[in-house]
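These are the residues of each chain, in order.
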Amino acid sequence: MAKRLFRWALTLGMLVLLVVAARTVNWSASWAAVRSASLPLLVAATVVNVISLLAKGAMWWMFLRPVGVASLGLALRATVAGSALNNILIANGGEAARVMFVSRRSGVSNSAVLAGLAMERLFDIVGYVLMLVGAAYLLRLPDAIEAWRTVAVVALGILAVLLVVMLRWSARSGAPARIGATSTMRLARIKQFLGRFVGSVARMVTPARVAVALVLSMLSWVCQVATYHLTAMSVRFPITVAGSITTVITENLGFLVRATPGNIGVFQLVYALTAEMLGLSPDKGVAVALLIQTLQVVPITLLGMLLAPEFVLRRSVPRQDVHPVEEYRPRLDAPTAGSTCRARRR
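Quick notes on the rules
- Residues numbered from 1 in each chain as written.
- Predicted model: local features only at pLDDT ≥ 70, side-chain atom pairs only at ≥ 80, totals over all residues.
- Heavy atoms only, no water.
- Axes fitted to C-alpha atoms, helices over the stretch in contact; angles between N-to-C directions.
- Helix = DSSP H or I, 4+ residues; strand = E, 2+ residues; numbered from the N terminus.
- Parallel < 35°, antiparallel > 145°, perpendicular 65-115°, else oblique.
- Left-handed = near helix turned anticlockwise from the far one by under 90°.
- Contact = heavy atoms within 4.5 Å.
- Salt bridge = Lys/Arg side-chain N within 4 Å of Asp/Glu carboxyl O.
- Buried < 20%, exposed > 50% of the residue type's maximum accessible area, 1.4 Å probe, protein only.

A. Seen up close, the packing of helix H3 (residues 39-64) against helix H6 (residues 110-138). Contact geometry of H3 with H6 gives a least axis separation of 8 Å together with a crossing angle of 135°. As judged from the angle between their axes, H3 and H6 are oblique. For the pair H3 and H6, the crossing hand works out as right-handed. On the side of H3, the interface is formed by Lys56, Met59, Trp60, Phe63 and Leu64, while H6 contributes Ala112, Val113, Gly116, Leu117, Met119, Glu120, Phe123 and Asp124.

Next up, the structure:
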């Protein structure tokens with residue numbers, strides 16, 4: 001109850017802030033810039049944005065393979081549909097929903113699928129911090145962004161240590177963690193869930209997967225920068241590549257919190273403030289932000305409904321005949337083919 005009240009209070013406060021900010025925008029200039037946008041550049045930006053999302057889906061699938069999700073198409077469909085749900089929900093409900101979608105479709109436990117999602121999100125953050133550190137040292141960024149350089153370096157060091165510890169721990173872990181006895185059923189279920197989660201992570205983390213995940217994460221972020229920059233070019237917004245990197249950084253500083261569905265309004269406000277910080281027109285910055293979010297929200301939402309209508313429209317999801325890795329292990333009490341033949345001979 002308290003969490004829900006906080007979320008609604010945050011949303012209400014953000015809406016008030018957006019209304020106040022909207023009154024300072026020259027909407028005539030913004031709409032004129034939107035109408036003058038180059039369609040070919042917007043199409044190119046849309047394609048690049050889809051590639052960015054598919055790179056995340058491929059990274060998730062790479063971590064799901066060791067626990068029994070063999071279908072790349074299933075992971076990509078769930079990723080696109082989950083992003084579509086995030087576009088229409090206040091919180092990141094699409095993340096939890098795609099875990100349920102893949103679990104039901106594949107027969108793999110929720111804990112294993114969630115472990116794969118946790119790894120994907122971890123490397124998404126690693127890619128973001130790498131981009132921030134690289135930009136802070138290689139490009140001329142506004143002072144407000146460069147002030148985060150030390151924090152970003154420290155965060156990158158912590159993430160690097162975490163990855164090394166996970167690799168060493170995974171190499172030593174031959175099996176999932178054992179679950180001890182407990183006195184309550186609920187606590188037992190929690191411990192079993194955590195045990196499966198830890199065991200799944202142990203199977204996922206290998207040096208090869210870490211290397212590929214880093215490449216896919218950076219590809220996703222580079223595509224995001226390209227999406228922003230191509231959209232800005234479509235309205236002849238005089239922003240540099242360094243400026244587009246800056247806007248990607250500022251727009252994703254609060255990527256864990258969504259105050260409005262799809263961050264509509266918040267996205268435009270942050271982009272306009274960043275543009276003003278770069279010495280550019282905030283009114284035209286609002287136009288660029290409107291176009292960026294339109295090509296991110298509308299095509300992805302439609303694509304998600306096309307690829308997984310039962311997921312986005314909240315219909316029941318049937319299970320498929322795909323089983324997790326654990327189910328391929330032979331049962332000790334099941335008769336083998338040889339024992340059956342011998343029984344018949346007798």
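B. The arrangement of the pattern of salt bridges in detail. Per the counting criterion, the structure on display carries 4 salt bridges. Two residues, Lys56 and Asp124, come together in a salt bridge whose shortest N-O distance is 3.7 Å. Taken as a pair, Lys56 in helix H3 and Asp124 in helix H6 lie far apart in primary sequence, 68 residues in all. Under the relative-accessibility criterion, Lys56 is labelled partly exposed at 22%. Taking the relative accessible area as the measure of exposure, Asp124 reaches 4% and is therefore buried. For Arg98, the salt bridge is made with Glu95, and the minimal N-O distance between the two is 2.8 Å. Pair noted here: Arg98 and Glu95 are both in helix H5 (residues 93-106), with a separation of 3 residues, about one helical turn. Glu95 matches Arg98 in its accessibility class, with the two residues each being buried.

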